[in-house]
Amino acid sequence: MEEVNATEKERQKAEKKKLKAEKRRLRNLKAMFGFLHFIYYFFLGLWVIPFKRYGNKRRFDDREYIFVCNHLSWADVFPCALATSKPMHFICKKELENSAIGRFIVKSCQCIPVSRDGTDVGAVMQSMRYLKNGESLAIFPEGTRNKTAEVFLPFKSGAAMLSIKTRTPIVPIVMSKKLKPFRRTLIFYGDPLEFSDYYGKKLTAQDIEDCDNLLKERMLEMHREVNAAGKVKKKG
């Protein structure tokens with residue numbers, strides 16, 4: 001009996017330790033994103049890199065979301081982070097960890113590094129754990145900054161699959177152009193997109209491709225709309 005009680009005490013001790021570590025992780029993540037908001041509002045957003053929200057202007061604070069955004073510069077983290085008051089996890093390329101600064105950013109912001117070949121099962125499982133824990137994600141499906149004349153680079157698969165598996169809505173975000181100092185940029189925040197017809201189904205490769213294409217088409221429509229709005233504003 002004494003041996004059973006000792007085992008139970010050890011188990012309870014381990015559970016308490018795990019719970020304490022989880023609370024500390026969430027507290028650190030919240031503090032880091034509060035600092036990110038502070039940097040933007042008090043240093044960048046006031047005059048250096050201003051942007052104007054277009055489309056859905058509400059704060060996405062009611063639940064977890066997957067924020068999917070086109071990728072043009074390092075400053076793209078701000079449109080995602082400022083869409084909600086809640087902290088989120090950025091999915092980033094694994095190469096970011098190759099430098100000391102990159103490793104610090106990944107660790108401090110609790111980013112999820114992924115391999116470019118898309119075979120990082122650990123990153124997918126971690127993403128799903130965060131979403132099921134009520135924590136949001138931010139994904140740049142192009143995988144790298146778009147420095148071409150094309151509207152978007154080819155999208156890498158992943159966002160739609162995560163959305164379906166965890167039943168998490170996607171909030172598409174489209175920047176009309178690259179964020180630059182002293183120039184206001186229009187950024188389109190779309191309505192949450194859900195692939196509810198696929199919930200509970202055994203997904204095929206074609207299903208995932210179809211959903212990825214639907215997401216891309218929606219973002220292309222948003223890009224056309226936000227650019228048209230920018231042209232009207234200029235004429236006015």
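Cut-off values and rules
- Throughout, residues of each chain are indexed from 1 in the direction in which the sequence is written.
- This being a predicted model, a pLDDT of at least 70 is required before a residue's local features are given, and a value of 80 or more before pairs of side-chain atoms are given or counted; all residues contribute to the totals for chains, interfaces and linings.
- Based on all heavy atoms of the structure, the side-chain values leave hydrogens and waters out of the count.
- When a carboxyl oxygen of Asp or Glu is within 4 Å of a side-chain nitrogen of Lys or Arg, the pair counts as a salt bridge.
- Secondary structure is summarised from DSSP: a helix means a run of H or I of at least four residues, a strand means a run of E of at least two, and numbering begins at the N terminus for each.
- Note on classification: 1.4 Å probe, protein chains only; a residue is buried when its accessible area is under 20% of the maximum for its type, exposed when over 50%, partly exposed between these limits.
- What makes two strands pair is DSSP finding at least two bridges between them.
- Note on scores: pLDDT gives the predictor's confidence for each residue, bounded by 0 and 100.
- The rule for a disulfide is simple: a pair of cysteine sulfur atoms within 2.5 Å.
- Here the nonpolar core consists of buried residues drawn from Ala, Val, Leu, Ile, Met, Phe, Trp, Tyr and Cys, with membership extended through side-chain atoms lying within 4.5 Å.
- Note on geometry: axes are C-alpha line fits, over the in-contact stretch for helices, and angles between N-to-C directions span 0 to 180 degrees.
- Note on contacts: a residue pair qualifies if any of its non-hydrogen atoms lie within 4.5 Å across the two residues.

Caption draft 1: Region of interest: the pattern of salt bridges. Taken as a whole and assessed by the stated rule, the structure comprises five salt bridges. Ionic pairing is found between E22 and R25, a salt bridge with its closest N-O pair at 2.7 Å. On the criterion of helical spacing, the pair formed by E22 and R25 is a turn pair, its members being three residues apart in helix α1 (residues 2-44). On the basis of relative accessible area, R25 is assigned to the buried category, the value being 18%. E64 is the partner of R63 in a salt bridge, and the nearest nitrogen-oxygen pair spans 3.0 Å. Within this structure, E22, R25 and E135 form a network of salt bridges that share partners.

Caption draft 2: View of the pairing of strand β2 (residues 66-69). Alternating residues of β2 divide into I66 and V68 and F67 and C69, and every residue in both groups is buried. Two elements, β2 and strand β5 (residues 136-139), share three bridges in a ladder whose sense is parallel. Paired with V68 across the bridge in β5 is I139. When β2 meets strand β6 (residues 170-175), the two strands line up parallel, connected through four bridges. By the bridge assignment for β6, F67 is matched with V171.

Caption draft 3: Main features of the confidence of the model for the protein. Here the protein shows a mean pLDDT of 87. Residues at 70 or above account for 90%. In the model of the protein, α1 stands out as the element of lowest mean pLDDT, 81, in contrast to β2, which has the highest, 97.

Caption draft 4: Main features of helix α5 (residues 159-166). Counting buried residues in α5 gives seven out of eight residues, a clear majority hidden from the surface. R167 sits one or two positions beyond α5 and adopts a positive phi of about 55 degrees.

Caption draft 5: Summary view of the state of the cysteines. A full pass over the atoms with the stated rule returns zero disulfides. Left without a disulfide partner, C92 is nearest to the cysteine sulfur of C111, which lies 4.7 Å away. Here C92 falls in the buried class, since its relative accessible area comes to 13%. C111 supplies the cysteine sulfur nearest to C109, a cysteine that is in no disulfide, at a spacing of 5.0 Å. According to the relative accessible area criterion, C109 is buried, its value standing at 13%.

Caption draft 6: Representation of the nonpolar core within the structure. In terms of nonpolar packing, the biggest core is built from 33 residues, with L162 and F195 touching the most fellow members. Counting 30 residues, the second-largest nonpolar core is a separate cluster that includes F60, F90, I173 and L179.

Caption draft 7: Region of the structure containing the sheet that holds β5. The seven strands lie next to each other as β1-β7-β6-β2-β5-β3-β4, forming an open sheet whose pairing is mixed. Single-partner strands in this sheet number two, and they are β1 (51-55) and β4 (112-114). For this sheet, the mean inter-axis angle between neighbouring strands, taken without regard to orientation, is 25 degrees. On the sheet, α5 packs against β2, β3 (88-93), β5 and β6 and is oriented at approximately 165 degrees with respect to β2.

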